[in-house]
Amino acid sequence: MKARKKKKPVIVCITSGKGGVGKTFLTVNLAAALARKGKKILVVDCDFGLANVDIMLGIRPARTMKDVVFGETTLRDVIVKTPGGFDLVPACSGVRDMAQLLYERIEMIKEMLLSLEGYDLILLDTGAGMTEVVLQFNLLADRNILVINRELTCLTDAYAMIKVLYQLFGRDFFDIIVNSSTDEKEGDRIFRHLDSICRRFLGFPLTHLGSVHQDEDVPRSIMNQEILVQASPHSKIAESCASMAGTLSRWRA
Amino acid sequence: MNRRMPKKQKITGEKTAVRKKADKRQSIEKFIKKNKVISDWLREGGAGRGELLMILTEKLPRADRKKLEHTADAVIELGADLVRRIIEIERENRQLRSLSLTDELTGLYNKRFFKMQLGVEMARSKRTGQPCCMAILDFDNFKEINDSLGHSEGDRFLKEVGLLMRDRLRPTDFICRLGGDEFGILMPATGLVDAIGIARRLQQFIMDIHWKKFITTASIGMAEFDPSEKAALEEFFNMADIELYRAKKDGKNKISYTSGGIERRIAAAEPVSLHERELLLKMKGEKPPK
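Residues numbered from 1 in each chain as written. Chains lettered and ligands numbered in written order. Predicted model: local features only at pLDDT ≥ 70, side-chain atom pairs only at ≥ 80, totals over all residues. Heavy atoms only, no water.

Caption draft 1: Structural detail: the nonpolar core. Membership of the largest hydrophobic core comes to 65 residues, with the highest contact counts inside it found for Ile162 and Leu194 of chain A. Residues contacting Leu194 of chain A, with those up to four places away along its chain left out, are Ile148, Leu155, Ala158, Tyr159, Ile162, Ile176 and Leu206 of chain A together with Leu280 of chain B. (Core = buried A, V, L, I, M, F, W, Y, C linked by side-chain atoms within 4.5 Å. Buried < 20%, exposed > 50% of the residue type's maximum accessible area, 1.4 Å probe, protein only. Contact = heavy atoms within 4.5 Å.)

Caption draft 2: Seen up close, the confidence of the model for chain B. Residues and elements named next belong to chain B. With 67% of its residues at a pLDDT of 70 or more, chain B has an overall mean of 77. The lowest-confidence element of chain B is helix 2 (residues 36-45), averaging 54 in pLDDT; the highest-confidence one is strand 6 (residues 182-187), averaging 96. Low pLDDT, under 50, characterises residues 1-11; the stretch is placed with 0 contacts to residues that sit more than four places away or in other chains. When the criterion is pLDDT under 50, residues 285-290 qualifies, and its contacts beyond four places in sequence or with other chains add up to 3 contacts. Taken over the whole predicted complex, pTM reads 0.56, whereas the ipTM for its chain interfaces reads 0.78. (pLDDT = per-residue confidence, 0-100. Helix = DSSP H or I, 4+ residues; strand = E, 2+ residues; numbered from the N terminus.)

Caption draft 3: Spotlight on the sheet that holds strand 2 (residues 41-46) of chain A. Residue and element names in this part refer to chain A. A sheet is described by the order of its strands in space; here 8 strands give the open sequence 3-4-2-5-1-6-7-8, paired in mixed fashion. One side of each edge strand has no neighbouring strand; the edge strands of this open sheet are strand 3 (80-81) and strand 8 (207-213). The sheet contact formed by strand 7 (residues 174-181) and strand 8 spans 5 bridges and is parallel. Bridge pairing links Val178 to Ser211 in strand 8. Relative to strand 6 (residues 143-148), helix 7 (residues 152-169) is tilted by about 160 degrees, and along the sheet it contacts strand 1 (10-15), strand 6 and strand 7. Its contacts with the sheet put helix 11 (residues 236-249) on strand 5 (121-126), strand 6, strand 7 and strand 8, and the angle it makes with strand 8 is roughly 160 degrees. (Pairing = 2+ DSSP bridges. Axes fitted to C-alpha atoms, helices over the stretch in contact; angles between N-to-C directions.)

Here you go:
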């Protein structure tokens, strides 16, 4: 048995700019895939306007991020175990002031996140848009994953996000996941397209973390509130997730 | 050589101003020494004499008296009861000063003081690097109280609630009535996070007031002064004012705020250019889908 040293978790922020690209689906499945590899994973649902990690997992948390933001509860007390084998800090849906209030507490939440021990990776699933809260979480993270798909609006939004993060905080390292591509080739092409524009205008390359293909398994698994990586571990999507998880597990803070 | 010229001129200009001032003081001093009555009185006056220069004019020639009227706070006849007169003038002075800095109705500070203090706190922020916050609070349904209970009741409401609000702030905070049912709150050495907490508490407190069956709410607009930014006083004040407007527009009983932080930096960031956009959108053209 290896002596376990207190290790700082790697904080990974998953964003997209545009909504409905599949951030939450990917976050959940990556987390489950990592958990299957024996990693200790915490997912933080940072989409405070419209939380949905808990819905995707079919769990009903008693306490949510709301209790941290509004009350005296600490982040540690809100963490729940999920059927995916990873831990979750659920957010709450529809609390109007939440997104605004969060801004006030973001420093506190940052500190709480950084003081959590025993996790290999912390995945932050942010909401859509380029709000202050989303940017704050991106800034806090060690690594930034951007989820894109072939939609032009999605590409422009992702690029805008990259540009803002680069201009404001000097971030010049982004991992790209191309979601719902028709095949390997298309995934590559979409990535290369965004990559070429980044190189040309911002002067740095992007990293292609992987592509997830379009598959009817995805909507079905979401409908059934199951985690695809677990329900059908040998499906193509599960395999892509597993391979990306392999990369993620090698990341160091 | 040419470059030096204006510099030199400037120095001599300053020197003349200083000298003029000194000359003036000297002539007054000389004049005071010459007049025994005045110098006697001033000696007795002690330390305070610089503050309140009063001249007793009996035995003074008219020309001298005229001269003094420009420099002294008061020129009074020797025949008047000196002590009583000093007290009176002091009281008048104090009243004048307080009239111009406090709000007549509530007894709180007024807008003039608020702006003055705002300038002080902004300067302090710049020096210490600590942010400061201001809030403008406006009652949502004050008009209802005024209309249904009468103006005197409305005034009473403003006075009492104003003083109660003051009691709910920290000793270092300033609350001022800016006019109408608008109050300004200045929170020195306070970040936005804490300031919003204070505003929320205030809002809750106001909601709990039942003024003759009327339940009142307040909208609050807040701004944080970031010492690294160079916002001018009016600009900072307007930031809070704009937020108040936004809070009102959002519906009542709301707090809206802005900080010199990320939000403005986002606005300052260079947006995606047309050229970039065009190229981003070009991908589809390469190979049509399917």
